[in-house]
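Commentary on secondary and tertiary structure
Below are the chains, spelled out letter by letter.
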Amino acid sequence: MKICFVYNSIFTLGGIQRCITNLSNYLVKNGYDVTIICCDYNTNLDRKMYNLDDKVNITFIKESLVKRLINLYRKPLIHLNDKFGIFKNNLFILEKIYYPYYHEIKHTIESEKYDIVISSATYFNALLSFLKIKDVIKIGWQHSSYLFYFEDDGYKNKDAIIKMMFKNLDKYVVLTNDDKNEIKKKLGYNVVRIYNALECFPKKSGSFNNKKFIAAGRLCTEKRFDLLIRNFGEFTKSNNDWILNIYGDGPERDNLQKLINDLNLENRVKLCGYCSDMEKKYLESSIYCMTSISEGFAMVVAEAMSCGLPIICYDIPAMRELVGKNCGFIVGEGNNSEFVDKMLLLSSNEDLYIKFSKQVKERSKSFDIEKIGSEWIELFDSLVRKEK
């Protein structure tokens, strides 16, 4: 069976890139022919970044000079629709201004005769639903929350696209039961929940004695690392030895470094940049802190849990399902003083720490690639049977 993934690029930093890589590796090891179509031809092929199997094929979609010129006119139209929704019910215009890769991707899929095509994230899920291709099963894979996709950003002012997407895709996959229920309740569509998968489960665990908080992700406003730094600043008023390491890079790096300097935390907080071996960093740490305003699943949290790190996070739907009541502390949104209190409690109570550490290890087994991969294969088989 020939499987194709469509995304911008898997050779840049991000959780989606790791998810596609993990599933692709699993599928080729189980005898599937797998290709990843990357629409950002400016990125370099780097299999070592996420340990992509050599058997996974990579195809880059190139953008012509004419298409680049057209893009100059697309941007102001996109801005108008994003702000005022003037085209939100006009499918023809929405297609032209938002999806310039339509013909190139359609030609690639048709010429290679893939059996199943899986798109990832807002843009490509909608794009895949536009493609009119015979004998191809189309699956949309949502990587962020219902709130982000359908109310705040992703499909806002694109009502016609939402209706067409669920009509034209053979199946739509989400990452949590909460998102599954929200789509059913508010949009009226039945979708499938499949968790993201982890490939590695280290035997060792992080240690209370490491005395390190850790966080990771793109340094952007949605991740709210500024809030984490401020919370840690309050924490240091009652603690003299624990430190905070933040891994990742992004547009907010300079602002975050300025905040660290302004709070005189240079000796306690470090922006560590990108790291190719996060497992090692998790095992050198003690507690994972998550301050994101929205997450689809949070791969970094699942990875930290597999390394035995208890979690402190804010109350967003994905964290309720991922962390639950036994793997750390879920703090009410906006209750920053409670977040600091939980940092102080968990960093001073080793017995509680050990209890949580054992429980997060056990919980992380729910995301084993063997279990998750088999769920994807079961989905493929059911859709193929339905087509016949």
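The paragraphs below set out a description of the structure included in this document. (Residues numbered from 1 in each chain as written. Predicted model: local features only at pLDDT ≥ 70, side-chain atom pairs only at ≥ 80, totals over all residues. Heavy atoms only, no water.)

1. Some remarks on unusual backbone geometry
To keep it simple, the criterion reads: Helix numbering and strand numbering both begin at the N terminus, where a helix is a DSSP run of H or I of at least 4 residues and a strand a DSSP run of E of at least 2. Accessible area is worked out with a 1.4 Å probe on protein chains only. A residue is then buried under 20% of its type maximum, exposed over 50%, and partly exposed in between.
Residues other than glycine seldom take positive phi values, yet Asp-135 does so here, at roughly 60 degrees. Within the element layout of this structure, Asp-135 appears in the loop between α5 (121-130) and β5 (137-141). For Asp-135, a relative accessible area of 73% gives the class exposed. In the Ramachandran plot, Asn-264 falls in the positive-phi region, its phi being about 55 degrees despite a non-glycine side chain. Tracing the backbone through its elements, the reader meets Asn-264 in the loop between α10 (253-262) and β10 (269-273). Classification of Asn-264 as exposed rests on a relative accessible area of 64%.

2. A short note on helix α9 (residues 225-235)
The buried count for α9 comes to 8 of 11 residues, which makes it a mostly enclosed element. Of all the residues in α9, the buried ones are Phe-225, Leu-227, Leu-228, Ile-229, Asn-231, Phe-232, Gly-233 and Phe-235.

3. Observations concerning helix α12 (residues 299-306)
Within an α-helix, residues lying three or four positions from one another point in the same direction, as the helix has 3.6 residues per turn. Across the 8 residues that make up α12, a large majority, 8, are buried. Buried within α12 are the following residues: Met-299, Val-300, Val-301, Ala-302, Glu-303, Ala-304, Met-305 and Ser-306. One or two steps after α12, the chain reaches Gly-308, where phi turns positive at roughly 80 degrees.

4. Notes on the pairing of strand β9 (residues 243-247)
Applied cut-off: Only strands joined by at least two bridges in the DSSP assignment are considered to pair. Call a crossover right-handed when, viewed with both strands pointing away from you, the route from the first strand across the helix to the second goes clockwise.
Burial runs high along β9: 4 of the 5 residues are buried. Alignment of strand β8 (residues 212-216) against β9, held across 5 bridges, turns out to be parallel. Across the sheet, the residue bridging to Ala-215 is Ile-246, located in β9. Remark: the β8/α9/β9 crossover connection has right-handed handedness. With 4 bridges joining them, β9 and β10 adopt parallel strand pairing.

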